[in-house]
Amino acid sequence: MAIIYTPGHNLITDSLIMHGIVRLYGDSVREIERIGEKYKIELIEDPKNKEALEILAEEAEIYADKSISKAFLGSSTILGKINISNINESPKVFPKWVSDIKNSIENFEPVTHLYTSEHKSKFKEERSRSSKLYTLHLPLSLIYGKYSQSDYKVIKDSYYRVCYNCFLFSNLGIIYGTSIVRTDKRTSEGTNSVVNILTLIPVEKVRGADVLLLQRFVEGKGIKLDVELTVLASLLYVLSIGETIYHVSFDVECLVWQLRRSERKIKKEINQKGKTEKANQRGLETISIKINDLLEIIARIKYEFDDFPKFIGLLARDEDGAYLLHQLAETLVFRHDVYPVIRNISTYLLDRYSKEEKIKCDDSQYCRYAKKVHILAEILSDILSKYRLPLSGIKENREFQKFTT
Ligand SMILES: [Zn+2]
């Protein structure tokens, strides 16, 4: 039996590393305890779920062949998940990411040898140009891009780099420990992308099996939507369409972080002739929120209104619906009165149906749900009346704003 500590990069990266370790070590993990932004993990040396590494190695081998099409990648729940998290469209980035995964698997060492309390300083993991270390891409860290902010100035800096094991486990964490909701929009200026990444983390001391249960809520393919969702709307969307579990016996937080990429064409200042593309990528927003009650509320809604996941999917089709999804998420999280948002949803559904007049009412989902929405209102009102206090522990951090291009 050994006790290890995650390295202390930041809560996002350490949570991904913790999820990666639990996925690989499975039943060998006895206990996990969050200490600030790190995790203390008690485990025995032998990884129980080596196929997680084998599958990743197989895919890395396949996708190292650059002729493999992006459509093929989109069907993968392993490297496809990493691809959907990546907002850096530079053609060099994803192939390098895949080859770094291959190298990190070849260098893999049991964590009991590596993750001592001095790990980070021993490997000199920091903003660095060292070719022995691996770039911690924006989705794996949120804050360690090429540019950083200091005294309100944006300064160019080296990427944050980590050892092969931190790189490997944070990637396993993205694959198995997160849900990703992505929207790409073409504009006359270029493509704008928004990526919301969610992970569930324990607040107190738990068993390895407890964290594996949390992974079942979120793992699977990344989700691509035509419409942008706020972090709260993403939370409701993912928890509603995912597996339904009524009761988690320990305190759980959902950590959500958002990445944005915007592309714009700017005139070259020197000759004013050509236009050049400039992409701006940034980690924008994080929230952490205790979600035990929300999980239970959603499970009860789904039990009494089994079309709820389809209903949520219907709202996530256009901007007005996405706004109502955010309002509904706020209502459930902060226990507001349900009737104002239900009235807005009802108007929206009828309005959408009237724009589809050629479709018979029986065939239109908008019409069917408009007829049923008062049933949902009663169910929501009844359920929320049993949860008097708002969900506690929402922490927002907008100071994470860092830049990279
Ligand atoms: Zn490391």
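Residues numbered from 1 in each chain as written. Predicted model: local features only at pLDDT ≥ 70, side-chain atom pairs only at ≥ 80, totals over all residues.

So, the sheet that holds strand β8 (residues 160-162)
Part 1: With antiparallel pairing, the three strands of this open sheet are ordered in space as β4-β8-β5. The open sheet terminates on both sides in strands that have one partner only, identified here as β4 (126-127) and β5 (134-135).
Part 2: As paired strands, β4 and β8 are joined by two bridges and run antiparallel to one another. Within β8, the position partnered with R127 by the bridge is Y160. (Pairing = 2+ DSSP bridges. Helix = DSSP H or I, 4+ residues; strand = E, 2+ residues; numbered from the N terminus.)

Quick word on the pairing of strand β3 (residues 38-43)
Part 1: Two strands pair when backbone bridges link them, and strand β1 (residues 2-5) and β3 are joined in this way by four bridges, in the antiparallel orientation. The partner of A2 across the bridge, within β3, is L43.
Part 2: Alignment of strand β2 (residues 29-35) against β3, held across six bridges, turns out to be antiparallel. Each bridged residue has a counterpart across the sheet, and for R34 the counterpart in β3 is Y39.
Part 3: Linking β2 back to β3 in an antiparallel pair, the connection comprises two residues, with G36 at a positive phi of about 60°.

Remarks on the nonpolar core
Part 1: Among the nonpolar cores identified, the biggest contains 105 residues, and I21, L235, L236, Y237 and L325 are the most heavily contacted of them.
Part 2: Structurally, this core is a two-domain feature, drawing no fewer than three residues from each of domain 1 (2-261) and domain 2 (304-401).
Part 3: Leaving out residues up to four positions away in the same chain, I21 has contacts with I41, V111 and F169. (Core = buried A, V, L, I, M, F, W, Y, C linked by C-beta atoms within 7 Å. Buried ≥ 20, exposed ≤ 12 C-beta atoms within 10 Å, placed from the backbone. Domains from an automatic or database assignment. Contact = placed C-beta atoms within 7 Å.)

Thoughts on the environment of L350
Part 1: Turning to its location among the elements, L350 is positioned in helix α15 (residues 338-354).
Part 2: L350 sits 20 residues away from A370 along the chain, and the two C-alpha atoms are 6.2 Å apart.

As for the environment of V333
Part 1: For V333, the location among the structural elements is in helix α14 (residues 319-334).
Part 2: Separated by 44 residues in the primary sequence, V333 and I289 have C-alpha atoms spaced 9.3 Å apart.

Comments concerning the pairing of strand β10 (residues 190-202)
The two faces of the sheet receive side chains in turn, since in a regular strand these alternate between them.
Part 1: Counting buried positions along β10 gives ten out of 13 residues, so the element sits mostly inside the fold.
Part 2: One ladder, built from ten bridges, connects strand β9 (residues 178-187) with β10; its direction is antiparallel. Directly across from S179, in β10, lies its bridge partner L198.
Part 3: Between β9 and β10, which pair antiparallel one after the other, the connecting turn spans two residues.

Some remarks on the packing of helix α1 (residues 11-25) against helix α10 (residues 208-218)
Part 1: Relative to each other, α1 and α10 sit at 110°, their axes nearing to 10 Å. Classified by the angle their axes make, α1 and α10 are roughly perpendicular. Residues H19, V22, R23 and Y25 of α1 form the contact with α10, whose own contacting residues are G208, V211, L212 and Q215.
Part 2: When its residues are assigned to classes, the contact of α1 with α10 shows four nonpolar, three polar and one charged. (Axes fitted to C-alpha atoms, helices over the stretch in contact; angles between N-to-C directions. Parallel < 35°, antiparallel > 145°, perpendicular 65-115°, else oblique. Nonpolar A, V, L, I, M, F, W, Y, C, P; charged D, E, K, R; others polar.)

So, the environment of I197
Part 1: As for its placement among the helices and strands, I197 is situated in strand β10.
Part 2: C-alpha of I197 to C-alpha of V181: the two residues are 16 residues apart in sequence and 6.6 Å apart in space.
Part 3: Setting aside anything within four residues of it in sequence, one finds I197 in contact with S85, P139, T178, I180 and W257.

Regarding the sheet that holds β1
Part 1: The three strands are arranged β1-β3-β2 in an open sheet whose pairing can be described as antiparallel. Sheet topology places β1 and β2 at the edges, where each strand pairs with a single neighbour. Averaged over all pairs of adjacent strands, the angle between strand axes in this sheet comes to 15°, irrespective of strand direction.
Part 2: Sitting on the sheet, α1 touches β2 and β3, and the angle it makes with β3 is about 15°.

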